[in-house]
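The primary structure of each chain is shown beneath.
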Amino acid sequence: MSGAKLRSRLAQIEEQIASLQSHLTRLQADRQDIIDQLAVVVYPVLTLPHDVTAEIFLRYVHEDDDDLSSTCRPILIASVCALWREVALSNPCLWTRFDITNRSPGAWDHTVDLLRTFISRSGVLPLDLRISLPRSEVLDLVGKHFSRCRSLELEFAAQTSIPINTPVQVPHLTSLNFRGGSSESVTLPPLLDAPRLRELELQSISLLDWRNRLPWSQLTTLRLHQKPLAECLEMVLQTPNLEILELSHYADDMLDEPDESRQHQILARLHTLDFSNIYSYGIIPYLTLPALRDLSVIQPGTDCADILENLMERSQCSPTTLFLSTEDPNDLHRIASILAVLPTISSLKLDCDSMDDVSFEELLELLGSSICPALTSLTLRECTAELRLTSLVDMLQSNQRLTSFKLTVDKDTAVETDGVVYTADDDLEDAVDQLHQLCVAGLKVDIPSKNDWLKDAMNARMLDAPS
């Protein structure tokens, strides 16, 4: 074949190839269009406007859930598909909360890279950081971006300090939480200006020259753990605007008896007081709390009732909510003495772990007396003993103002207890009917029963309940 014919044939082949390539391009475009339409049918969420999708992502990321930290969620979202990744990366709000704690196993090895990623993707927005066992590289990053923090929670395992040596401005900071792994293990950074700081929690923290490090007078929430009681009192005296005070003090270092001529510290706004053990109550005689509303009494000492009675008289306050957990759950005399000096309590929660059947019966008799005349809500928590239905009904009928009763069973012993039981000596029919009448009258009852017999009995009577 001559050269001219070969060139002509080559031209024809190239023309056919170009035509086929053009046809293939059209087919590929049609194929992608069909895939997109099919995706809309199968995954209608992809048709939502980007701002709606971003709002859904934001609610998901900021949802409180112990099963999945807020750090994992935006990463998961950005890994689903190209569209979601585009939406996630274009919304800095999704990357402002960084949470690497003991709930995030395996993430600690990548903390530095993850934190750097979140900081860069959050733009200039305020940060919420929660980090356990931070390494020096992580602390360096925290120090560089400390001024952007809105809330900062750090848990340390060894002697360390925040790498901030000069005062800084932290205009967004509202909450600060430092926990050391051992006594005096962490030194606070100096703060120049934190106008929004309201909440402070310190545990095993070295407070060298702490008066100049924190704006104490503007705090409304203060939680102190494992500090010398005298130092706790000194801090409280610097916080006149406190609304919530929580002390958890485990060292047996007693304060001097307060001088009666000495002016008590008046915390006019404090409405919530939480003491976690027997050694924390030594601070109460130094305080006057006219607005006290919510009280948590854990491991009270033998003189706790007298201390609280003096506080009530001195402050002229009327607390309405009490959480009570005694060191010895079988010490009903101590429970009774505390309840007797708090007649205005309308909502009561009692920890009943380790309480045996006999003590439980005595507790119901106590609660059925007139010791809590204002009681409207009662919760018995972490019950390990079995509760006789007839005794329970008698107690509920004695508290005519009661509108809510809840019983929770200890999870570790739930397989061993039926919660509420009855014996052959009990008039079961009459007890269930009385409980039903209380419910019809407006009492909300939440009682677990492993065998569901009580629920079934109550449901049978609800058929006759008025609409």
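Conventions we followed
Residues numbered from 1 in each chain as written. Predicted model: local features only at pLDDT ≥ 70, side-chain atom pairs only at ≥ 80, totals over all residues. Heavy atoms only, no water. Helix = DSSP H or I, 4+ residues; strand = E, 2+ residues; numbered from the N terminus. Buried < 20%, exposed > 50% of the residue type's maximum accessible area, 1.4 Å probe, protein only. Contact = heavy atoms within 4.5 Å. Areas by Shrake-Rupley, 256 points an atom, 1.4 Å probe, with all protein chains shown as cover. UniProt positions renumbered as here; feature names shortened; annotations may be inferred. 1 Å grid on protein atoms, 1.4 Å probe; cavity = no way out; pocket = protein on both sides within 12 Å on 5 of 7 lines; lining within 4 Å. Points joined across faces, edges and corners; volume = space filled by probe spheres on them. Nonpolar A, V, L, I, M, F, W, Y, C, P; charged D, E, K, R; others polar. Salt bridge = Lys/Arg side-chain N within 4 Å of Asp/Glu carboxyl O. Core = buried A, V, L, I, M, F, W, Y, C linked by side-chain atoms within 4.5 Å. Pairing = 2+ DSSP bridges. Arc of directions from axis to C-beta. Phe/Tyr/Trp six-rings, centres within 6.5 Å; stacked < 30°, edge-to-face > 60°. Lys NZ or Arg CZ within 6 Å of the ring centre and 35° of its normal.

Going by what an unreviewed UniProt entry lists, the chain is known as F-box domain-containing protein and is assigned to Roridomyces roridus.

Visitor: Break down the overall build of the chain for me, citing the residues and quoting the values.
Guide: Helices and strands together make up the secondary structure of the chain, namely 13 helices and 23 strands. In the chain, which comprises 467 residues, the share counted as buried stands at 45%. Contacts in the chain between residues far apart in sequence, at least 24 positions, make up 62% of those at least 6 positions apart. As displayed, the chain offers around 24300 Å² of accessible surface, 50% of which is attributable to carbon and sulfur atoms.

Visitor: Explain the UniProt feature "coiled-coil region" (unreviewed entry) in the chain to me, and be specific about the residues and the numbers.
Guide: Mapped onto this numbering, the UniProt entry annotates "coiled-coil region" (unreviewed entry) at residues 3–37. Between the end C-alpha atoms of residues 3–37 the distance is 51 Å, and the span holds 100% helix and 0% strand.

Visitor: Any details on empty space enclosed by the protein? Residues and values, ideally.
Guide: One pass over the structure, following the stated rule, counts one cavity of 30 Å³ or more. Leu324, Ser325, Thr326, Ile335, Leu350, Asp351 and Met355 are the residues that line the largest cavity. Of all elements in the fold, only strand S17 (321–325) and strand S18 (347–351) reach the threshold of two or more residues within the lining of the largest cavity. By residue class, the composition of the lining of the largest cavity is four nonpolar, two polar and one charged.

Visitor: Now, about the pattern of salt bridges: what can you tell me, with residues and values included?
Guide: Overall, the coordinates contain 11 salt bridges when judged by the stated rule. Residue Asp128 pairs with Arg150 through a salt bridge whose shortest N-O separation is 2.6 Å. With Asp128 in strand S2 (residues 127–132) and Arg150 in strand S3 (residues 149–155), this residue pair connects regions lying 22 residues apart in the sequence. For Asp128, a relative accessible area of 14% corresponds to the buried category. When the shortest N-O distance is used, the salt bridge between Glu199 and Arg223 registers 2.8 Å. In this pair, Glu199 is assigned in strand S9 (residues 199–203) and Arg223 in strand S11 (residues 221–225), connecting sequence segments 24 residues apart. One connected set of salt bridges, linked through shared partners, spans Asp99, Arg130, Glu153, Glu155 and Arg179.

Visitor: Residue-level account of the nonpolar core, with values.
Guide: Ranked by size, the top nonpolar core spans 116 residues in total, and within it Leu348, Phe360, Leu363, Leu380 and Phe405 carry the most contacts. No other element matches the six residues that helix H8 (residues 304–315) contributes to this core. Residues within four places of Phe405 in sequence aside, it is in contact with Leu378, Leu380, Leu392, Met395, Leu396, Leu443, Lys444, Val445, Asp446 and Ile447.

Visitor: Describe the pairing of strand S16 (residues 294–298), listing the residues and the values that go with them.
Guide: Put simply, side chains in a regular strand alternate between the two faces of the sheet. Burial analysis of S16 places four of its five residues in the buried class, which makes it a mostly covered element. The pairing of strand S14 (residues 272–275) with S16 spans four bridges and is classified as parallel. Directly across from Asp274, in S16, lies its bridge partner Ser296. Here S16 pairs with S17 via five bridges, running parallel.

Visitor: An account of helix H10 (residues 357–367) is needed here, citing residue identities and associated values.
Guide: Among the residues of H10, Ser359, Phe360, Leu363, Leu364, Leu366 and Leu367 are the ones counted as buried. The arc enclosing the buried residues of H10, seen along the axis, measures out at 160 degrees, which places them on a common side. More than 90 degrees from the buried face of H10, the exposed residues found are Val358 and Glu365. In this structure, the buried side of H10 is in contact with helix H9 (332–340), S18, strand S19 (377–383), strand S20 (387–388), helix H11 (389–398) and strand S21 (404–409).

Visitor: Go over unusual backbone geometry with me, naming the residues and quoting the values.
Guide: Phi angles above zero are rare outside glycine, and Gln299 is one such case at about 50 degrees. You can see Gln299 is positioned in the loop between S16 and H8. On the accessibility criterion, Gln299 (30% relative accessible area) is partly exposed. Backbone geometry at Glu382 places phi at a positive 55 degrees, although glycine is not the residue there. The topology assignment puts Glu382 in strand S19. For Glu382, a relative accessible area of 26% corresponds to the partly exposed category.

Visitor: Outline the packing of aromatic side chains, supporting the account with residue identities and numerical values.
Guide: Evaluation of the coordinates by the stated rule reveals four aromatic pairs. A centroid spacing of 5.0 Å and a plane angle of 70 degrees characterise the contact between Trp95 and Phe118, whose relative ring orientation is edge-to-face. Of this pair, Trp95 sits in the loop between helix H4 (82–89) and strand S1 (97–100) while Phe118 sits in helix H5 (residues 111–121), placing them 23 residues apart in sequence. Residues Trp95 and Phe118 agree in their burial class; the two are buried. With centroids separated by 5.4 Å and ring planes inclined at 55 degrees, the aromatic side chains of Phe275 and Tyr281 adopt a geometry described as tilted. Comparing Phe275 with Tyr281, the two get one shared label, buried. In this structure, Arg73 packs its charged tip against the face of Tyr60, placed 4.9 Å from the ring centre.

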